[in-house]
Amino acid sequence: FFLPLAEFYEKPSVLMIGLGGGTLIYQIRKIVKDGADIDIVEISSVDIEISKLYLPQLANEKIYHENGIDFVSKCDKKYDLVILDAYLFLDIPPEFLESEFVKNVSRVTKENAIFAINYAQTFSGIMHFKEFVKILKSVFSVYLVNAYFTDLNSIIICVKNIDKEKIIEKLEKSNIRYPWTIKYRYKNLKTLRK
């Protein structure tokens, strides 16, 4: 669900908080042929080592071994796309759901930027969802990618100066690159209210 967002920009500057297995970065590199400027922040040295073991191409990436909160708070670079995919067990660490982090993300995003969040719908996630959306809405327009009731995660799309029609239009022009399910889910973006 994050891949189509990288194609909104000719040569996107991307900040990814949370490396995971590294597959998303690999996919972005494959899709954005003309190159993307990608910074990755990962707190786990084990995740970094394992990702590089299975995806040797990651050895050429700019991976910062530190806490994403600290990185964003001191960052002076601006990004087109910020992806938050950081987890502590099954939930996003609570400090990523706070106002200070969201304001710092807003500060490091360009005027037509997208902030995309992989949000867990665990018990804790559901309990914090409304408050988190309220914080996001203080600096972004916020949308939810259409989710099925069986989904364990939701994708939250936060934007500056981009309306949902433009997001849908851009995705529709992506030919057949993305499966119908992804296009369908974006086609029904839900505007989230405070």
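Residues numbered from 1 in each chain as written. Predicted model: local features only at pLDDT ≥ 70, side-chain atom pairs only at ≥ 80, totals over all residues. Heavy atoms only, no water.

Draft legend 1. Inspection of the pairing of strand β3 (residues 62–65) at higher detail. In terms of strand pairing, strand β2 (residues 37–42) meets β3 through 4 bridges, oriented parallel. Paired with Val 41 across the strands is Tyr 64, a residue of β3. Each parallel crossover has a hand, and the one from β2 via helix α3 (residues 45–54) to β3 is right-handed. (Pairing = 2+ DSSP bridges. Helix = DSSP H or I, 4+ residues; strand = E, 2+ residues; numbered from the N terminus. Right-handed = clockwise from strand over helix to strand, strands pointing away.)

Draft legend 2. Up close: the side chain of Glu 42. Turning to its location among the elements, Glu 42 is positioned in strand β2. The buried charged residue Glu 42 lacks any salt bridge, with Lys 52 as its nearest oppositely charged partner at 12 Å. From its side chain, Glu 42 meets the backbone nitrogen of Ser 44 in a polar contact 2.9 Å long. Excluding residues that lie within four positions of it along the chain, Glu 42 makes contacts with Gly 18, Leu 19, Gly 20, Asp 47, Ile 48, Tyr 64, His 65 and Glu 66. (Buried < 20%, exposed > 50% of the residue type's maximum accessible area, 1.4 Å probe, protein only. Lys, Arg positive; Asp, Glu negative; His and termini not counted. Salt bridge = Lys/Arg side-chain N within 4 Å of Asp/Glu carboxyl O. Polar contact = N/O pair within 3.5 Å; in protein donor to acceptor, adjacent residues only side chain to side chain. Contact = heavy atoms within 4.5 Å.)

Draft legend 3. A look at a nonpolar patch on the surface. Where nonpolar side chains cluster on the molecular surface, the patch consists of Val 46, Ile 50, Leu 53 and Tyr 54 and spans about 460 Å² of accessible area. Relative to the helices and strands, Leu 53 resides in helix α3. (Patch = residues over 30% accessible without salt bridge, like charges linked within 9 Å, V, L, I, M, F, W, Y side chains within 5 Å. Areas by Shrake-Rupley, 256 points an atom, 1.4 Å probe, with all protein chains shown as cover.)

Draft legend 4. Geometry of the layout of surface pockets. One number sums up the size of the largest pocket: a volume of about 290 Å³. Taken together, 19 residues form the lining of the largest pocket, with Glu 42, Ile 43, Ala 86, Tyr 87 and Pro 93 sitting closest to its centre. Per-class residue counts for the lining of the largest pocket are 9 nonpolar, 5 polar and 5 charged. Where the lining of the second largest pocket is concerned, the elements lending two or more residues are β5 (109–120) and α6 (123–137). Counting residues per element, the lining of the second largest pocket draws most heavily on α6, at 6 residues. For the lining of the second largest pocket, a count of residues per class yields 7 nonpolar, 3 polar and 2 charged. (1 Å grid on protein atoms, 1.4 Å probe; cavity = no way out; pocket = protein on both sides within 12 Å on 5 of 7 lines; lining within 4 Å. Points joined across faces, edges and corners; volume = space filled by probe spheres on them. Nonpolar A, V, L, I, M, F, W, Y, C, P; charged D, E, K, R; others polar.)

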